[in-house]
Structures are given as C-alpha cells and as structure tokens.
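# Report on the structure
Okay, here's what each chain looks like letter by letter:
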Amino acid sequence: MSNKPAIEARENGPFVAKHIRNMKGPDGEDIEVKATMALCRCGHSGNKPFCDGSHEKVGFKSDSGEPSGKDKILTYEGEEVTVTFNPRICAHAAECGRLAGHVFDPEQKPWIQPDKGTRAEVEEVVAACPSGALALKRADGGREHRLTERCDITIEKDGPYWVQDVTSPAGAQAEGMSSKKYVLCRCGMSGNKPYCDGTHHDEGWTAE
C-alpha cells in the first residue's frame, strides 16, 4: 500500500485526503493531520475544513455548474522572459499582484507586462501562483511551472485548497494544468470541479 500523499474526490461528497504530511489554515496556523481526513468541498460544513455531512443536507452535486473563464493559454512576451496564463485555472488568489503589482496589473492592457519587472520577480510570481495558471514559456515552446516551499495543503481564507506535491483527485480539466500544484474547490460552486475556477471570488463566498 502506497503512503504517497493523495486526494480522492467522493461523488457528491467530500475530498478524502490520505497521508498528508502538513496542512495550514487560513491564518497560517498548523492544522493537525491524520492518516485519512474528509475535507469539506460543499462549502457548508460547520466544522471546516473538515466534512460534517452537510453535503447530504444541502444536496451537493459534484458535477454541477458551468466552468468560469476561457480554457485558453494566453501568451505575454517580454525581452527576457515570457509568461503564459490560462484564465480557466486561475483562482484569483492575487499572489501575482501582491508580489509584483507593477508587472501583473488587471488595470493595464495587457495585464501582464514582463518587461516592467525583472526576470527574478516574474519567476517568483510564477512559483507563488497556487493554481498553476501562470507558467514560464521555454525556448522550445513548452511551458514551465515553478514551485515554492509550501505545505501539502494550504487553506486560503474564503477560498480554495492550495495543493502541492499531492496526487490529484482527477486528471487535467484545462489546458496546461500542472500535476504538481493545483487548487481544489472549497465553496461547492466551481463549474470545473473538483478544481477551483474562481467562482468563490465572483460570488463573494465566505467560509463563515
């Protein structure tokens, strides 16, 4: 039996996380992990992040909703570095704006302008992007995701589960998705379940 960290998605039910090594809550606090944990993904548990059976009461459906954002890889070229972006994967975590708002700015057109920052700044943002929506374009035309030091599961405040180095519960459901890091829906409203598509942000969902 493998002890590799993995997450399964139960149909119309919770995520079942196995052999998770570490997990942090929305305020950065360490959450005690067990060999097997049922994590809420309907958005209604009174014991978040853990499941308390509320998915049955609210009639949660794991195949509901329409995906938000185009499933298309967009390219933003720079002299030193070129960035790619898939809107369908973006969870609106806004790490890009926090770390390098002068490069990644939704108020400018195009919203990503690599030459406004250094290569190191752009690479830091790509590594920090929890969903893998951002990547670096290689010279051979391929795409490169970067990882940063992070827990197996990090819970975003009023947002999804950020997951890294854990076997995912489903195959890629958008072009260019990373198998090493991804975000899982926690609000129950994503149209791209089990992955987050940013609907929690658009709908103003809160975990309270």
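The notes below deal with the structure included here. Since the model is a prediction, treat every value here as computed from it, not as a measurement. (Residues numbered from 1 in each chain as written. Predicted model: local features only at pLDDT ≥ 70, side-chain atom pairs only at ≥ 80, totals over all residues. Heavy atoms only, no water.)

## Examining the overall build of the protein
Looking only at helices and strands, the protein has four helices and 11 strands in total. For a compact globule of 208 residues, the expected C-alpha radius of gyration is about 17 Å, and the protein comes in at 17 Å, within 12% of that figure. Dimensions of the protein along its principal axes, counting C-alpha atoms only, are 50 × 35 × 30 Å. For the protein, the proportion of contacts with a sequence separation of at least 24, taken over those separated by at least 6, is 51%. Accessible surface computed for the protein: about 10,400 Å², of which carbon and sulfur atoms make up 45%. The distance from the centre of the 27 positive side-chain charges to the centre of the 33 negative ones in the protein is 4 Å. (Helix = DSSP H or I, 4+ residues; strand = E, 2+ residues; numbered from the N terminus. Rg over C-alpha atoms; globule rule 2.2 N^0.38 Å. Contact = heavy atoms within 4.5 Å. Areas by Shrake-Rupley, 256 points an atom, 1.4 Å probe, with all protein chains shown as cover. Lys, Arg positive; Asp, Glu negative; His and termini not counted. Charge placed at Lys NZ, Arg CZ, Asp CG, Glu CD.)

## Description of the nonpolar core
Judged by nonpolar contacts, the single largest core of 40 residues is most densely connected at Ile7, Phe104, Leu134, Ile153 and Tyr161. Per element, the largest residue contribution to this core is three residues, and it comes from helix H3 (residues 119–128). Sequence-distant contacts of Ile7, that is, excluding residues within four places in its chain, are made with Phe15, Val16, Ala17, Ile153, Val163, Val166, Thr167, Ser168, Pro169, Tyr182 and Leu184. Residues Ala91, Ala93, Trp162 and Val183 belong to the second largest nonpolar core, which totals five residues. (Core = buried A, V, L, I, M, F, W, Y, C linked by side-chain atoms within 4.5 Å. Buried < 20%, exposed > 50% of the residue type's maximum accessible area, 1.4 Å probe, protein only.)

## Observations regarding empty space enclosed by the protein
Counted according to the given criterion, the structure contains two cavities of 30 Å³ or more. Quantified by volume, the largest cavity comes out at close to 40 Å³. The wall of the largest cavity is formed by Gly13, Pro14, Cys40, Arg41, Cys42, Ser45, Cys51, Asp52, Gly53, Ser54, His55 and Phe60. For the lining of the largest cavity, the per-class residue count stands at five nonpolar, five polar and two charged. (1 Å grid on protein atoms, 1.4 Å probe; cavity = no way out; pocket = protein on both sides within 12 Å on 5 of 7 lines; lining within 4 Å. Points joined across faces, edges and corners; volume = space filled by probe spheres on them. Nonpolar A, V, L, I, M, F, W, Y, C, P; charged D, E, K, R; others polar.)

## Comments concerning the layout of surface pockets
Its boundaries defined by the atoms lining it, the largest pocket holds a volume of some 410 Å³. What lines the largest pocket is a set of 24 residues, and nearest its centre among them are Phe85, Cys90, His92, Cys96 and Trp111. Element by element, the count of residues in the lining of the largest pocket is highest for helix H2 (residues 95–100), at three residues. The space that makes up the second largest pocket amounts to roughly 210 Å³. Around the second largest pocket, the lining residues are Pro26, Asp27, Glu29, Ile31, Lys48, Pro49, Ile155, Lys157, Asp158, Arg186, Ala207 and Glu208. Its residues assigned to classes, the lining of the second largest pocket comprises five nonpolar, no polar and seven charged.

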